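# An overview of the molecular structure
Residues per chain are reported as follows:
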Amino acid sequence: MKMKRTIIVTFCLLYGSVCQGQLNEPVVHGFVSQGVIQAKDSNYINHDGEPSLRLTEIGVNMSMRLHDRVRVAGQGIYLNGGNRYPEGVRIDYLFLDWQLASGLDWQMNVQVGRVKNYHWLFSATRDVPHTRPSIILPQSVYFDSFRDISLGSDGAALLANADTAAGSLEWHWSYGTSPISDEQSENLFSNLATGEIKQTKDHQMSLVFKPIGTSMELGLSGVNAAFDYHQGPQDRVFSGSATSKRLMLRFRYSSENWELSSELLREWVAYYGVFGPGGDIHQASEGGYLQWRYFLSPELTLLARADLFDLNRKDRSGQLRFEQTQGAVPRYFGYMDDVTLGVSWNIAPQWRAQFEYHRVKGAGRLAPVILPDTVHNDQEYWDLFAVQIMYWF
Amino acid sequence: MPSQQGFRRLLHIGWFLCASLALPALGQHAASDVLVVAHSSVQIDTLSRSQLRRIFTLRQSTWPQGVPITVVAMPDSNAAHQVFCKKLLRLFPYQLERTWDKVAYSGLGERPLSAQNSAEMIEIIRQQPGSVGYLLIDPQEIPEDVHVIHVNED
């Protein structure tokens, strides 16, 4: 009898520890990619317009279950994108995820830490090459100079999803702030601005609906962000603040052999005091893209995309700004339209090569944003070629 | 009269075509079907299509009793995976793969465990508490110790 009890207790302990082991085992994934990129007649990648190897993306992530309903997840990445964003190692996300409640038709989670931006079509994995439709994402929505700010934030997020008779719903909410590096400040302003930008608020929300029995998804998202600027020594701009409010619509239709996706945005930007007394700016930008992908075979995917962006919807030609700056900012800084053609080739399992060509008109989405670089961006039309090899596990 | 004969001939051809297209499909259906299978500890007998889709798109992470769900899947190229995606989930395999990538590389959750074939699938389902997967199998040959979940295809 005693023997039997000992066996049962030992079995229970062993079983418990095995279960515990499964719960605590971290799951690791990662990716490595290298490419060659050339943006002629623009400062998008570099200043000389020569082919560059500054297209490197490396990352490792981990997810570990601490309890049946609690997980910790984090990803570290190294990025080199030339002038697109600051080069270096960073923590992409690191948060605690707690499943608050669930039924068989719904679930709600809360995340605390450095949370990701899950609100747009490609925002959650914009630095993970094999999850992107193209090497360079449409700049109207996925503006590289704003990357570190729109990537996620240090704060909290609520994620809820439910399935109803009409279809499935996903609702995401997040609140926090993003740290902004000196290089990022330079990207936004220019090296003539020596002060410091601080984000004071990043409030985002999104709702996605997939009607039942269709291969379609429709979404709506909003951003409300605020920034403070503290003037530095011999600064060209003044202490002040800025706000950015964004409203976006998204659509995706997936067929067996092709897929159509689109995101449209309107962004209201206001600068207070940054340009000196009486120099406040209020403007609304508009843009969006339409993207078509065709799955030629399990190995080959073709891409065609048109991306349009106007910096100020009341000055789509850039004429007003041209006049206000006495000709210092050419008209083509008022917009940026991009036609992209691309091919992706799955060379082997977990290996892919991507190639793309962009024909671009305008410089409205080139850094720096506030005091534009008219010296290196001296052409209205410019081209971009990129090829990238990627491996993931 | 000749036109009536022509019509009949057309009907015959039509029947023949329908039968030749439908019969092999029916035959296959009778021999093997795609079934949702789970670890014996899973106390769910029926799921709706949308509930199944929630589980396989990793939006549902625990069973009602609180046990974490472990999804098990076969590679994209596997016939069972393709039939399962299209017939039961009504999703194309690339949509599922894209969702899993988004989940795994943005911290939302964990990718499904990978089973290379039916034998491996059965092995994982047998051993891993809370696991759920699928098999393209003759319903008469369902292995022991594996719990079958009926899917209401609404």
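From a predicted model like this one, the values you see are computed outputs, not experimental measurements. (Residues numbered from 1 in each chain as written. Chains lettered and ligands numbered in written order. Predicted model: local features only at pLDDT ≥ 70, side-chain atom pairs only at ≥ 80, totals over all residues.)

### Section: the interface of chain B and chain A
Applied cut-off: Throughout, a residue-residue contact means that the two C-beta atoms, derived from backbone geometry, are no farther apart than 7 Å. To qualify as a helix, a DSSP run of H or I must reach at least 4 residues; to qualify as a strand, a run of E must reach at least 2; elements of each kind are numbered from the N terminus. Classes in brief: Ala, Val, Leu, Ile, Met, Phe, Trp, Tyr, Cys and Pro nonpolar; Asp, Glu, Lys and Arg charged; the others, Gly included, polar.
In this assembly, 22 residues from chain B lie in contact with 30 residues from chain A. Elements with a contribution of two residues or more to the side of chain B that touches chain A: helix H2 (49-56) and helix H4 (93-104) of chain B. For the side of chain B that touches chain A, the class distribution of residues is eight nonpolar, nine polar and five charged.

### Remarks on the sheet that holds strand S6 (residues 146-152) of chain B
Residue and element names in this part refer to chain B. Here is the rule: Strand pairing is defined by DSSP finding a minimum of two bridges between the two strands.
As summarised here, the arrangement of the six strands in space is S2-S6-S1-S5-S3-S4, forming an open sheet in which the pairing is mixed. Sheet topology places strand S2 (46-48) and strand S4 (113-114) at the edges, where each strand pairs with a single neighbour. Of the pairings in the sheet, the one linking strand S3 (residues 70-73) to strand S5 (residues 131-137) comprises two bridges and is parallel in character. Within S5, the residue paired with Val-71 across the bridge is Val-132.

### Concerning the environment of A:Lys40
Residues and elements named next belong to chain A. Keep this limit in mind: Counting other C-beta atoms within 10 Å of each residue's C-beta, where C-beta atoms are placed from the backbone, gives the exposure class: buried for 20 or more, exposed for 12 or fewer, partly exposed between.
Tracing the backbone through its elements, the reader meets Lys-40 in strand S1 (residues 27-40). On the basis of neighbour count, Lys-40 is assigned to the partly exposed category, with 16 C-beta atoms found within 10 Å. Each C-alpha atom, one on Lys-40 and one on Pro-51, is 8.5 Å from the other, the two residues being eleven residues apart in sequence. When sequence neighbours within four positions are dropped, the list of residues in contact with Lys-40 reads Gly-49, Trp-382 and Asp-383.

### Comments concerning the confidence of the model for chain B
Residue and element names in this part refer to chain B. Formally: Scored between 0 and 100, pLDDT is the confidence that the predictor attaches to each residue.
Per-residue pLDDT for chain B has a mean of 85; in total, 79% of the residues score no lower than 70. Mean pLDDT across the elements of chain B bottoms out in helix H1 (residues 2-31) (50) and peaks in S3 (97). Under a pLDDT of 50 for its full length, residues 16-30 has, in the predicted model, zero contacts with residues more than four places off or in other chains. For this predicted complex, the interface score ipTM comes out at 0.88, alongside a pTM of 0.87.

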